[in-house]
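# Close look at the chain arrangement
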Amino acid sequence: MLSLFWLVLFILFVVFEIATMGLTTIWFAGGAIVSFVLSLADIHIIIQIVVFLVVSFILLFFTRPLAGQFINKNTVKTNVEELVGKVVKCTETIDNYNDMGRVKINGNEWMARTIADGMTIPKDAMVQIVRIQGVKALVQPINYTNN
């Protein structure tokens, strides 16, 4: 009867994994199948539970990062990630000390700050987006070198 429990649990984990395709329960399906085999060998229930947990977490912690690399290798960048490296125009002088500055990105105005404190960038200058921090674009002049 206990082997039926592990088999049903295995099937539920696999069905849930197929339904979500999110690498969420496949690791526990592995633990359930190992415990199913142990139950067929009439191993004590406590050992089955411990083995289920150990195998599941070993699979989760050691194979999930590796599997994630192969599954997510063709992931398309989000809109924000695509902005990094883009050259844009300042629509307002950028001055970190006075909390001011704007750039036009893809037709929309964004708050902008320089990557270096004390640097100001004049209106109409061309800048490169270094990163996006919340709702602000962190920029540097396109001829800027960090010494």
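Scroll up to find the structure.
Residues numbered from 1 in each chain as written. Predicted model: local features only at pLDDT ≥ 70, side-chain atom pairs only at ≥ 80, totals over all residues. Heavy atoms only, no water.

## Structural notes on the pattern of salt bridges
Following the criterion strictly, the structure yields three salt bridges and no others. Between Lys-89 and Asp-124 there is a salt bridge; the shortest N-O distance is 3.8 Å. Taken as a pair, Lys-89 in strand E1 (residues 87–95) and Asp-124 in the loop between strand E4 (120–121) and strand E5 (126–133) lie far apart in primary sequence, 35 residues in all. For Lys-89, a relative accessible area of 41% gives the class partly exposed. Put simply, Asp-99 and Arg-113 hold a salt bridge, and the shortest N to O gap is 3.7 Å. Remark: Arg-113 occurs in strand E3 (residues 108–114) and Asp-99 occurs in the loop between E1 and strand E2 (100–105); sequence separation between them is 14 residues. (Salt bridge = Lys/Arg side-chain N within 4 Å of Asp/Glu carboxyl O. Helix = DSSP H or I, 4+ residues; strand = E, 2+ residues; numbered from the N terminus. Buried < 20%, exposed > 50% of the residue type's maximum accessible area, 1.4 Å probe, protein only.)

## Overview of the side chain of Glu-17
Along the chain, Glu-17 falls in helix H1 (residues 2–20). With near-sequence residues (within four places) excluded, Glu-17 lies in contact with Gly-22, Leu-23, Thr-24, Thr-25 and Ile-26. (Contact = heavy atoms within 4.5 Å.)

## Section: the environment of Phe-13
Tracing the backbone through its elements, the reader meets Phe-13 in helix H1. We classify Phe-13 as buried; its relative accessible area is 17%. In the structure, Phe-13 is positioned 14 residues away from Trp-27 in sequence and 8.6 Å away in space, judged by C-alpha atoms.

Interpretation note: all reported values are geometric properties and have no functional meaning in isolation.
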